[in-house]
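These are the residues of each chain, in order.
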Amino acid sequence: MAVDPLIVILVGVSGSGKSTIGTRLARQMGWPFLEGDTLHSPASIDKMSRGIPLTDEDRRPWLSEIHARITDAARRGVDLVIACSALKQEYRQTLERGVALTWVHLKGSEALFRSRLQQRTAHVMKADMLASQFDALEEPSNAIVIDASATPDAIVEQLVRQLPAEGRLRVAADVDELSAKAAAAAVEIIECAVAARGRCSVALSGGDTPRGFHRVLGSQFRARVPWAQVHFFWGDERYVPLDHADSNYRMARETLLDHVPCPPSNIHPMPTHLSPAAAAAAAYEKALREHFGDGVGPAFDLNILGIGEDAHTASVFAGSPAVEEQERWVVDAHTDADPQLRLTLTLPALSHSTNIFVLVAGAAKAGALRHALAADSDPHLYPAAGIRSAHGTVLWWADSASARFIRPS
Ligand code: 6PG
């Protein structure tokens with residue numbers, strides 16, 4: 001079942017940080033941002049600049065315009081972040097008519113927000129209008145409540161963790177369009193991560209589907225990606241030399257890494273030269289822990305995955321020991337389905353990525369995708385159904401052929 005796009009509306013009185021948080025959250029997630037205040041009429045902006053509170057009559061056309069943007073985004077399947085005061089339940093009911101919205105309430109004291117407003121000059125809302133906003137505010141009962149006094153980074157980190165983690169589906173006409181759109185979204189995420197943390201950690205997948213994605217990333221976006229700050233890892237690898245025809249590392253070099261100025265020290269292939277395979281897996285896990293810290297899991301900013309026709313993902317196959325693993329981040333993987341010994345991140349390890357892109361193309365994957373997206377699928381039988389992000393979101397990028405069994409929710 002497809003899942004509606006995520007449309008997040010940040011509500012709160014003036015000074016609560018809606019625009020700041022909205023802008024940062026949108027950049028972190030690689031989504032567009034709509035500043036609701038930009039849709040006010042000139043007459044309303046003039047009223048607010050003169051310290052005159054808006055009436056419900058003033059707000060009606062404004063809310064209708066925002067609702068039109070929301071329904072357009074929902075129709076196009078586009079995730080969206082909106083900043084909008086939406087103080088009254090009646091306003092929120094107008095905005096959520098016919099669509100599923102995720103409300104976020106930036107909550108704080110009048111003193112905190114007043115001090116912020118008094119520091120602003122250009123903002124049309126005057127500090128003394130704040131009292132009328134608090135009077136009008138009807139706290140949303142179905143919102144993610146955020147302490148607006150926290151730092152913007154802390155708020156965005158909290159929001160990324162709390163946003164609905166279920167997967168969302170983006171259907172493209174074909175694998176070329178899928179590759180182009182996924183690459184464009186990936187660049188947004190890479191830029192956000194580098195802007196926020198000075199580096200971006202990406203895990204790449206094997207298989208053929210990512211080839212187009214790699215080529216677009218390394219050509220159309222070559223000049224935009226801050227390659228010196230991007231670290232590349234692999235979610236799985238065949239246990240072969242890195243120059244072997246079956247090597248996922250070799251495929252990534254040929255389709256991306258040999259064509260971009262990414263420092264060799266930023267490229268972290270799985271050590272398939274180590275023997276036995278279990279030692280190679282343990283060594284990679286050690287390298288991941290050194291890079292990410294010894295926390296609960298490798299927090300890739302972006303993790304690229306694919307799925308097989310049997311709904312495996314990475315090298316986690318149904319019925320294999322890897323699908324049962326809950327502790328280790330990396331294991332050696334073998335399966336009757338493929339005699340090639342492999343190394344793979346485990347499903348729990350994969351779930352610590354902030355953004356997971358699953359690239360799926362071809363009619364042969366339609367059944368696997370349906371199982372992967374079905375809420376009642378057992379990951380032991382369909383490992384791709386176990387793709388979750390505990391700290392962010394999963395985006396399923398599918399072409400129309402592989403998505404043909406998926407019905408809009
Ligand atoms: C691998 C991949 C594997 C791949 C799927 C889909 O090493 O083979 O990590 O999980 O993503 O098998 O492969 P295709 O993209 O070739 O269909």
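What counts, and where the lines are drawn
- Residues numbered from 1 in each chain as written.
- Predicted model: local features only at pLDDT ≥ 70, side-chain atom pairs only at ≥ 80, totals over all residues.
- Heavy atoms only, no water.
- Near = heavy atom within 4 Å.
- Polar contact = N/O pair within 3.5 Å; in protein donor to acceptor, adjacent residues only side chain to side chain.
- Nonpolar A, V, L, I, M, F, W, Y, C, P; charged D, E, K, R; others polar.
- Helix = DSSP H or I, 4+ residues; strand = E, 2+ residues; numbered from the N terminus.
- Contact = heavy atoms within 4.5 Å.

A. Structural view of the site of the ligand. Near the ligand there are 16 residues, and of these D208, T209, R238, A314 and K365 occur at the shortest range. Residue S205 places a side-chain N or O atom 3.3 Å away from an oxygen atom belonging to the ligand. Within the side chain of T209, an N or O atom sits 2.6 Å from an oxygen atom of the ligand. Across the shell around the ligand, the residue classes tally to two nonpolar, nine polar and five charged.

B. Up close: the side chain of D301. Structurally, D301 can be placed in the loop between α11 (277-292) and β10 (302-306). A polar contact of 2.8 Å, which involves the side chain of D301, links it to the backbone nitrogen of S201. Not counting residues up to four positions away in its chain, the partners in contact with D301 are I189, A193, R197, R199, C200, S201, T354 and N355.

C. Main features of unusual backbone geometry. The omega torsion of the bond from S275 to P276 falls at 0 degrees, within 30 degrees of zero and hence cis. Residue A86 is not a glycine yet carries a positive backbone phi of 40 degrees. Tracing the backbone shows A86 in the loop between β3 (80-83) and α4 (89-95). In this structure, A314 takes a positive phi of about 50 degrees despite not being glycine. One can find A314 in the loop between β10 and α12 (321-324).

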